[in-house]
Amino acid sequence: MALLRSLSIQRTAIGLVYGRNSSKSSNSVAVAACRSFHQRGSKTTSTAGEGATSESTRGVNGARFLHSGERPLQASALVQPDLVAGDTVKRSMKQESSQEKNPSPAGSPQRDPLDVSFNDPIAAFKSKTTGELIRAYLVYMICSSEKLVEHNMTLMKLARNLLGQKLFVLLMKSSFYGHFVAGENRHTIVPALERLRSFGVKPILDYSVEEDITQEEAEKREVESSVSSAGDKKEEGSMPQYHVDKSFADRRYKVSSARTYFYLNEATCERNMEIFIKCLEAVSGATFGTGITAIKLTALGRPQLLLQLSEVIMRTRKYMEDMVGGQGNVLTHHKTIKDLEKYYATLGDNKDVKEFLNNVTSDKEGILHLFPWSGIVDEDSQLSDTFRVPDPQTGQMRRLISQIPPKEEEMFRNMIRRLNTIVKAAADLDVRIMVDAEQTYFQPAISRITLEMMRKYNKDKAIVFNTYQCYLRETFREVNTDLEQAKRQNFYFGAKLVRGAYMDQERDRAKSLGYPDPVNPTFEATTEMYHKTLSECLRRIKLMKDCDDDARKIGIMVASHNEDTVRFAIQQMKEIGISPEDKVICFGQLLGMCDYITFPLGQAGYSAYKYIPYGPVEEVLPYLSRRAQENKGVLKKIKKEKRLLLSEIRRRLMRGQLFYKPKGNYVPI
């Protein structure tokens, strides 16, 4: 009765939105822009390189600050003003009736109008049975209880002990596991993937098995695997953030929306590689080349190597800044090799300096990288011998990385081999790879390696995507730099934009170790960063379209549960004339979260994805625990999802559709 009373008082509003016509620049401006664009699109003349750079759902529907020239996109402006509260069910029935009377032409995929207020319960849940809706509502009710969520892992373990394995598995499949996880293995998830596809949504597959280890064990593994066997030598110029600290060695600290891998040995990394390849095969077999697999570099190698490589990249930037002024990535300085020769002129005819300059990667616009990154990724270059720079005063070669023992050099080669194997398999299977972002002390190395994989494999299409966390202060600059490298080295650029998963941990670590806080000060600043970065990507895509270039050379995933950000992306696409059929912008949300965003997008013809976890019930408990924790922090979104769920359950009861069977006729873009 309580459920029926809740249903009877449900009220909401639905508004269909029609986008404004996009406006174009004058021909003279477009021609000038094209000339400028083509003049800067040259290929590199050398093989070398230097450094570069999961969605947290903590904040929702917050106010945001836009840059001058941008107009705020208000939800109220997107909803028809004549709608009255309480019209949800009637309006939904009219929409359903209209869709039934006006089906898509025979042989063509079904497309529905998009309600960008995301208040249409039919569009949100037509892919679900009534039982699945009731289960979702109950799961969200539990997620609304702070005490239950706080002790969720303890309660799940207690239930497992009391019920026994069989009853516990049945309970989980009827609740949290059934809502947030697609299935136990690559075969049992196929029906779920096929149903998603029939409703216009594609998968990002992730084998979500996580180790349930104690804090002590996590700290022990992290410290041991983050320090070289030669010792943790903090030489002159070393940066504290790129050295392990026991206080933050458990990288799960204050992280609810991202999985953490702890290095055990090389054999475990090999198994992780094999699991990622099986994910690729599962995606390929069920999605007709439209699927994606997510991977983490910390699953493929020793974290010490990523720490050392990240420090090299940042010290290289500092070296360049000290020598030529300015700040940022090496290529942003727009210096040539001749400029460097002038800086080293006082050193005379120095053999080491000449050899260093011969290995610098440059094109006619200037230096791209100080070090031969392509050789590091493609060949058997030794890290200890590669990362050396001339001292401008003495001419002596200075190491930017401490001496790496031969065994650890081999570990690095193994990590790169594993990544190469995965990406090559993805290319052969026509599946995309998304390299997840991680903590800032790993990220420079992760991004640098990922960009080199793009250069190597993204020659004809975007196979490899990098992830950028917009809660970081440097995100806009990093994305701009990487876009510039992609253009100058002529490869396809793929990016997933997220808000970020490690904010609280990053702030605490920076304060404790005494380095600048890398995180934006407010939620609004993060939203501004996200929108500013997305706008720049869209601006470049439009420029390529105007110049009759291949606009698909830039591919962006808007991975956000924030409907304001999704609306912003849709409005920007309309204003600059980018259609879903251009296949350059896609949207992504987690399975079991924000269905009211993902499914209406997919059914309206936008490229929409669900992040699909799978794995045995017992082994995905840490993942389920994180999902519960994450939902606790987004009560506004839960409130809306519960409201829409109740509205759709009520509508089905009133229409006699309690045993509704989902059957879609949509084809993903």
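Residues numbered from 1 in each chain as written. Predicted model: local features only at pLDDT ≥ 70, side-chain atom pairs only at ≥ 80, totals over all residues. Heavy atoms only, no water.

**Student:** What's the story with the sheet that holds strand E10 (residues 554-559) in this structure? I'm lost.
**Tutor:** Adjacent strands of a sheet pair through backbone hydrogen bonds, lying either parallel or antiparallel. Read around the closed barrel, the eight strands follow the order E1-E2-E7-E8-E9-E10-E11-E12; overall the barrel is parallel. Ignoring strand direction, the axes of neighbouring strands in this sheet form an average angle of 30 degrees. Bridge count for strand E9 (residues 493-498) against E10 is five bridges, and the pairing is parallel. When the sheet's bridge partners are listed, Gly-494 is paired in E10 with Gly-555. Across the sheet, helix H11 (residues 190-198) touches strand E1 (201-207) and strand E12 (607-614), and the angle it forms with E1 is around 150 degrees. (Pairing = 2+ DSSP bridges. Helix = DSSP H or I, 4+ residues; strand = E, 2+ residues; numbered from the N terminus. Axes fitted to C-alpha atoms, helices over the stretch in contact; angles between N-to-C directions. Contact = heavy atoms within 4.5 Å.)

**Student:** Mind showing me how you'd approach a nonpolar patch on the surface here?
**Tutor:** On the surface, a cluster of nonpolar side chains totalling about 810 Å² of accessible area is made up of Ile-142, Leu-148, Leu-155, Leu-158, Leu-162, Leu-163, Leu-167, Leu-170 and Leu-171. Among the secondary structure elements, those contributing two or more residues to the nonpolar patch are helix H8 (152-163) and helix H9 (165-173). Top contributing element to the nonpolar patch by residue count: H8, with four residues. Within the secondary structure layout, Leu-170 lies in helix H9. With a relative accessible area of 53%, Leu-170 lands in the exposed category. (Patch = residues over 30% accessible without salt bridge, like charges linked within 9 Å, V, L, I, M, F, W, Y side chains within 5 Å. Areas by Shrake-Rupley, 256 points an atom, 1.4 Å probe, with all protein chains shown as cover. Salt bridge = Lys/Arg side-chain N within 4 Å of Asp/Glu carboxyl O. Buried < 20%, exposed > 50% of the residue type's maximum accessible area, 1.4 Å probe, protein only.)

**Student:** Just to check I follow, could you spell out the packing of aromatic side chains for this structure?
**Tutor:** Per the counting criterion, the structure on display carries twelve aromatic pairs. Both rings, one in Tyr-261 and one in Phe-276, keep their centres 6.5 Å apart while their planes meet at 70 degrees; by these two values the pair is edge-to-face. With a gap of 15 residues between them, Tyr-261 in the loop between helix H12 (215-225) and helix H13 (266-287) and Phe-276 in helix H13 connect regions that are remote in the sequence. Per residue, the accessibility class of Tyr-261 equals that of Phe-276, and both read buried. Measuring from ring centre to ring centre gives 6.5 Å for Phe-356 and Phe-371, while their planes differ by 75 degrees; the resulting arrangement is edge-to-face. Here Phe-356, found in helix H16 (residues 351-358), pairs with Phe-371, found in the loop between strand E4 (366-369) and helix H17 (373-378); they are 15 residues apart in sequence, far enough to count as distant. For Phe-356, a relative accessible area of 6% corresponds to the buried category. The class of Phe-371 is buried, set by a relative accessible area of 1%. Taken together through their ring pairs, the aromatic side chains of Tyr-344, Phe-356, Phe-371, Trp-373 and Phe-387 make up a single cluster. (Phe/Tyr/Trp six-rings, centres within 6.5 Å; stacked < 30°, edge-to-face > 60°.)

**Student:** So what exactly am I meant to see when it comes to the confidence of the model for the protein chain here?
**Tutor:** When pLDDT is low, close inspection of the predicted coordinates is not appropriate. With 81% of its residues at a pLDDT of 70 or more, the protein chain shows a mean pLDDT of 83. Across residues 40-95, confidence stays below pLDDT 50; counting only partners more than four residues off in sequence or on other chains, it has 191 contacts. Across residues 97-102, where pLDDT falls below 50, the model places two contacts with residues more than four positions away in sequence or in other chains. (pLDDT = per-residue confidence, 0-100.)

**Student:** I'm lost on the side chain of Asp-595 in this one. Help?
**Tutor:** Residue placement: Asp-595 occurs in helix H25 (residues 595-603). On the basis of relative accessibility, which here comes to 4%, the residue Asp-595 falls in the buried class. In this view, Asp-595 contacts Ala-124, Phe-125, Lys-128, Pro-600, Lys-610 and Glu-641; residues no more than four positions away in its chain are not counted.

**Student:** What should I look at first to understand the pattern of salt bridges in this one?
**Tutor:** It is possible for side chains of opposite charge to pair when their charged atoms get near one another. All told, the structure shown has 42 salt bridges when counted by the stated rule. A salt bridge links Asp-322 to Lys-318; the shortest N-O distance between them is 3.0 Å. Separated by four residues within a single helix, Asp-322 and Lys-318 lie in helix H14 (residues 303-324), roughly one turn from each other. With a shortest N-O distance of 2.6 Å, Glu-452 and Arg-455 are connected by a salt bridge. Residue Glu-452 and its partner Arg-455 are both found in helix H20 (residues 443-457); the two are separated by three residues, about one turn of the helix. Side by side, Glu-452 and Arg-455 carry an identical accessibility label, which is buried.

**Student:** Even after reading the chapter, I still don't get the packing of helix H21 (residues 475-489) against helix H23 (residues 523-546), so can you show me in this structure?
**Tutor:** In helix packing, the relevant descriptors are the interaxial angle and the interaxial distance, both defined with respect to the helix axes. Two elements in contact, H21 and H23, have axes separated by 9 Å at closest approach and are oriented at 20 degrees. Between H21 and H23, the crossing angle belongs to the class labelled roughly parallel. Seen from above, H21 lies across H23 with right-handed handedness. Residue-level contacts link Thr-475, Phe-476, Val-479, Asn-480, Leu-483 and Glu-484 of H21 to Met-529, Lys-532, Thr-533, Glu-536, Cys-537 and Arg-540 of H23. (Parallel < 35°, antiparallel > 145°, perpendicular 65-115°, else oblique. Left-handed = near helix turned anticlockwise from the far one by under 90°.)

**Student:** Hey, could you run me through the pairing of strand E8 (residues 464-469) in this one?
**Tutor:** Consecutive side chains of a regular strand alternate in pointing toward one face of the sheet and then the other. The buried fraction of E8 amounts to six of the six residues, a majority that puts the element mostly inside the structure. Because side chains alternate across E8, one face comprises the buried residues Val-464, Asn-466 and Tyr-468, and the other comprises Phe-465, Thr-467 and Gln-469, equally buried. Across three bridges, the pairing between strand E7 (residues 432-435) and E8 is parallel. When the bridges of E8 are listed, Ile-433 appears paired with Val-464. Taken together, E7, H20 and E8 constitute a β-α-β crossover, and its handedness is right-handed. Two strands pair when backbone bridges link them, and E8 and E9 are joined in this way by four bridges, in the parallel orientation. Residue pairing in the sheet places Asn-466 in a bridge with Ala-495 of E9. (Right-handed = clockwise from strand over helix to strand, strands pointing away.)

**Student:** Whenever I open this one, the packing of H8 against H9 confuses me. Can you help?
**Tutor:** Taken N-terminus to C-terminus, the directions of H8 and H9 make an angle of 135 degrees; their axes are 6 Å apart at the nearest point. With respect to their mutual orientation, H8 and H9 come out oblique. As for the relative orientation of H8 and H9, their crossing is right-handed in sense. Two secondary-structure elements touch here, H8 through Met-156, Ala-159, Arg-160 and Leu-163 and H9 through Gln-165, Leu-167, Phe-168, Leu-171 and Met-172. Counted by class, the contact of H8 with H9 contains seven nonpolar, one polar and one charged residues. (Nonpolar A, V, L, I, M, F, W, Y, C, P; charged D, E, K, R; others polar.)

**Student:** What am I meant to see in the environment of Ile-337 here?
**Tutor:** With respect to the secondary-structure elements, Ile-337 resides in helix H15 (residues 337-343). Between the alpha carbons of Ile-337 and Ser-362 there is a distance of 7.6 Å; along the sequence they are 25 residues apart. With sequence-adjacent residues up to four places away left out, Ile-337 is seen in contact with Leu-357, Val-360, Ser-362 and Ile-367.

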